[in-house]
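Each chain, letter by letter, is given below.
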Amino acid sequence: MFGPRTHSHREKVIPGIITAEKTNLRDSFFSVILGLEDAMEFPRFTFNPKEGIDNPALIISDDPEPDPSPVPRQCQIKCKEGQSFGFRLRMERSCRGYVVHQVDPWSPAALSGLRDGDRVLEVNEEFVDNMEFPRVVQRIQACGLQLFLLVLKGEEYKEALAQGLDIQALTRAYRGETCSRPRLCHITRDPVLGLGISIIPIEGQKGQYMLSTVSEGPAKKAGVRSGDRLVWINGAMVSTLTHSAISKMVKKCSVHVTVLVIDRESEASYVRRKLPILPIMAGSHNLPHRPTTMHLVQGSDGYGFLLRQERLTSGGPIAHLLREVDVGSPAEEAGMQDGDLLLAVNGQPSESMEHEDIVRTVRKSGNRVSLTTMPIHGRDFYTQLGLSPLLFHEDSLPEGEGMRKTQSPCTEIQDGLSKNEHGSLPCPRLCVLEREESGFGFNLGCVQHEPGTFIGQVVVKGSGHRAGLWEGDVVVEVNGQNVENEYFEDVVMLIKKSEPSLKLLVVERSGYERLKHNGLPITPGVILHSTQVLEKTNDAFL
């Protein structure tokens, strides 16, 4: 079709384009190109040394200043049944925050990128930098086989504090300011309105569903909002279910249904961060059978209950139940009911403990013990959902109810009370010290000619240090005897008489003053033993 040309000709010269005599097929191709360019208008750019380049496409701008704020990193830790996460978490007296150390090589923690010295900011999307240490440990122990930690390198954490940065603001910036945690909502069916919810498939997105609520209906009252994305219903992920299967599931729920939902903007944040949306990350709304913690003070006849290990069903799991609650006993006054399920002792989960270990722990607590319990029928509810009830322990009281007389001052739900720099109320500590060759490992101090004593120097790794004594702590009780108004010499005599162990109820000075100002009783929020604290309180293996 194209052959050699039999004659030659000269193309029109176009400014800025060099042309040549065309004598072959290649020349024909260039002729077409030149013809097109002949019809196009090209802007002319000139260069003025005084003004620089006048082509707006070549304008050079300065690079923006980099943000100096440290960026947290996410560690997704997955372990198998019976396997630990493979790291230890400790609270240091000399600095704020919780420190990761002794990460086992090739453990789930190590494979997730967790490193020695990291500071834990969030556990399962919940900010914990201002949370009491036992509660942080409990959060991790209750989460099952998956754990999500947001951490900063130790050096970055210290630098952020030195610069006066808001640590919680760093976590919000990482997630996105509009991102909120998922919500676990328990909906009870209304005789007239039903559940008050419609489940709508999202067009073009298989396994994705949006919710619409009835105004003032049960779903809305339970915390569901119109436009929420449905993630999970009664323990099943909806991404694997058809709309028909979900409808049948809802119809079978004659009384109530539990759903996991999230708003659209927050869902986008989880997708961006490549995080799954799971119940362990959720805030709870309207959940029934919530655990409660009772703080018991031993009476002349003991606590007034029996602990029994019972098998709930034939071939079923063994549970620790509280039985035979005596009338008028400390247990009954604290609200204990016959048949309550024991979940934790002094904050330590007890469901996997042996009966003898629980009894030993209670006896070592002396004349005070904290028990976390739940009605036995609540076990079936949480078992069906595949969740530990301890995940929702902090929300055990209805909002606005205030502090009950059996609660510890370190519980974070009181109304109208000032809080410390970390956002929580002070937590008095009952420190149980064993006498060693060098004594109890601390010095006692006082203000001359005034009653009251405080902890002076604490010997590093001594009995007092291991039991959680801090320099400056106010001494409230010695072996159960109040010494707030006793003089130095009398308190020293009480301590010298302690054989072989010593029990000190102490609290930080600023916390002591706040508790007194608010008229709150100073009772133990946590019990620490010099023989156990490194493993179970200030340094926990997880």
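The preceding data block contains the structure.
Residues numbered from 1 in each chain as written. Predicted model: local features only at pLDDT ≥ 70, side-chain atom pairs only at ≥ 80, totals over all residues. Heavy atoms only, no water.

Chemist: Even after reading the chapter, I still don't get the overall build of the protein, so can you show me in this structure?
Modeler: Within the protein, the secondary structure is distributed over 15 helices and 29 strands. By the burial criterion, 46% of the 542 residues in the protein qualify as buried. Once local pairs closer than 6 in sequence are excluded, the contacts in the protein between residues at least 24 apart make up 65%. Taken as a whole, the protein presents about 29,300 Å² of accessible surface, with 52% of it coming from carbon and sulfur. (Helix = DSSP H or I, 4+ residues; strand = E, 2+ residues; numbered from the N terminus. Buried < 20%, exposed > 50% of the residue type's maximum accessible area, 1.4 Å probe, protein only. Contact = heavy atoms within 4.5 Å. Areas by Shrake-Rupley, 256 points an atom, 1.4 Å probe, with all protein chains shown as cover.)

Chemist: Even after reading the chapter, I still don't get a nonpolar patch on the surface, so can you show me in this structure?
Modeler: A cluster of nonpolar side chains, Val192, Leu193 and Val214, forms an exposed patch at the surface whose accessible area comes to about 280 Å². Topologically, valine 192 is positioned in the loop between strand S9 (183-188) and strand S10 (197-201). The exposed category is assigned to valine 192, whose relative accessible area is 75%. (Patch = residues over 30% accessible without salt bridge, like charges linked within 9 Å, V, L, I, M, F, W, Y side chains within 5 Å. Salt bridge = Lys/Arg side-chain N within 4 Å of Asp/Glu carboxyl O.)

Chemist: For this particular structure, what's the right way to read the side chain of glutamate 477?
Modeler: Secondary-structure assignment places glutamate 477 in strand S25 (residues 474-478). Judged by its relative accessible area of 10%, glutamate 477 is buried. A polar contact is formed between the side chain of glutamate 477 and the side chain of arginine 368, at a distance of 3.3 Å. Not counting residues within four places of it along the chain, the set of residues in contact with glutamate 477 comprises Arg368, Asn482, Val483, Lys503, Leu504 and Leu505. (Polar contact = N/O pair within 3.5 Å; in protein donor to acceptor, adjacent residues only side chain to side chain.)

Chemist: What am I meant to see in the pattern of salt bridges here?
Modeler: A side chain with one charge can pair with a side chain of the opposite charge if their charged atoms come near. Applying the stated criterion across every chain yields a total of 16 salt bridges. Residues glutamate 125 and arginine 273 are paired through a salt bridge, measuring 3.1 Å at the closest nitrogen-oxygen approach. A residue pair is termed long-range when its members are at least 10 positions apart, and glutamate 125 in the loop between strand S6 (119-123) and strand S7 (126-127) and arginine 273 in the loop between helix H8 (264-272) and strand S15 (283-285) qualify at 148 residues. A residue is classified by how much of its surface remains accessible, and arginine 273, at 10% relative accessible area, is buried. Residues arginine 172 and glutamate 177 are paired through a salt bridge, measuring 3.8 Å at the closest nitrogen-oxygen approach. Residue classification places glutamate 177 among the exposed residues on the basis of a relative accessible area of 59%. Through salt bridges with shared partners, a single ionic network connects Glu310, Arg323 and Asp338.

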